[in-house]
Amino acid sequence: MTEQQYTALQTKLTDAQYLTCEMKDELAVINVRHPLFQAELTTQGAQLLRFRAQNRDWLWLSDKAEYKRGTSLRGGIPVCWPWFGDAAKNPAAIQTMISSDQPPAHGFARSHEWELRSFSESDEAIEIHLALAPGQHPSWKGDASVELNMSLSSAALSLQLTTTAGKSPACYSQALHTYFPTSEIDSTHIEGLSGNRYIDALDQWSEKTQEGTVTFSEETDRIYTVDRPLILTTPEYTMRLTGNNHTAVVWNPWIDKSKRLSQFDDGAWQRMFCVESANVMQDAVQLQPGESHTLEMRLELE
Ligand SMILES: O=P(O)(O)OC[C@H]1O[C@H](O)[C@H](O)[C@@H](O)[C@@H]1O
């Protein structure tokens, strides 16, 4: 973020009651200190890093997270857009939009600076609206724009990621890559996927069917078909995850991959898991010029 952008951010927040900003190492951070909940987000990537309400941390953030320009922080909710994961694994229509030989994993939105467009505050809730300006992304030929709305309250955390096609059609995949905390991965499970098809990225991308509850006992990297609310249970909490997406990625790096991950403690796989609200593979989005699509996700403690 340039000095000019940071000054603009400070000016926008001058009259805010519960929002302040500061520089943490290389990144601008917005702190939310509401009587009922607290949060922290970076304008880079429009990444929510922490959310605390009802005496619980709802998101996991790595102890080794680095506030560096051009790199997504490990934890919170990175925004993956306009492709998910390895670009080469995306549908052909998405790959043709990419103009780089070495496209970054999960697209570029998570490592680019976003702009705080507006916010609103009340006794119960705060809304924060951020946007990534179109036309400044060397690795992509598209001209679509993307905006993220965060709705924070003590009852629910909800995000809406809206893409609007420009003058040309848009085809993209995306995910709100949520990191959840747990004190014990062995006692953590996900309900709501039984009987659903999934692609196992760790078994040559073969298709399988989920039988019963999803538990973690090895490295896990799967793209599930979703058709109902997901219930996440850890020793500390039960959370309900809903949305309008038809795919979700479930991920835990387990022991070996943890050692290779950036900003990640070797033992951190025991204390986190990801359930990513996504539109990937067959659920990728196609828009005609001027059309919009919104990916919605909502979290509530049970
Ligand atoms: O390390 P990152 O680029 O942030 O990716 C972290 C993880 O994201 C997703 O869950 C993918 O399915 C995984 O294959 C990947 O390892």
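Everything numeric here is computed off the predicted structure, so don't read it as measured data. (Residues numbered from 1 in each chain as written. Predicted model: local features only at pLDDT ≥ 70, side-chain atom pairs only at ≥ 80, totals over all residues. Heavy atoms only, no water.)

Asker: Help me out: how do you make sense of the pattern of salt bridges in this one?
Answerer: A side chain of one charge can pair with a side chain of the opposite charge when the charged atoms of the two come close. Counted according to the given criterion, the structure contains twelve salt bridges. For Lys24, the salt bridge is made with Glu40, and the minimal N-O distance between the two is 3.1 Å. Of the two residues, Lys24 is situated in strand β1 (residues 19-24) and Glu40 in strand β3 (residues 37-42); the sequence distance between them amounts to 16 residues. Judged by its relative accessible area of 24%, Lys24 is partly exposed. Looking at Glu40, the relative accessible area reads 4%, which means it is buried. (Salt bridge = Lys/Arg side-chain N within 4 Å of Asp/Glu carboxyl O. Helix = DSSP H or I, 4+ residues; strand = E, 2+ residues; numbered from the N terminus. Buried < 20%, exposed > 50% of the residue type's maximum accessible area, 1.4 Å probe, protein only.)

Asker: What exactly am I supposed to notice about unusual backbone geometry here?
Answerer: Trans peptide bonds make up most of the peptide bonds, and negative phi angles are found at most residues other than glycine. For the bond running from Trp81 to Pro82, omega is 0°, close enough to zero to count as cis. Along the chain, Pro82 turns up in the loop between β6 (79-80) and α2 (92-95). The residue Trp254 is not glycine, and still its phi comes out positive at about 60°. When you line up the elements, Trp254 lands in helix α3 (residues 254-260). Trp254 gets classed as buried once you look at its relative accessible area, which sits at 15%. Positioned with a positive phi, Met281 is a non-glycine residue whose angle comes to about 50°. Summarising the element assignment, Met281 is placed in the loop between β21 (272-279) and β22 (285-287).

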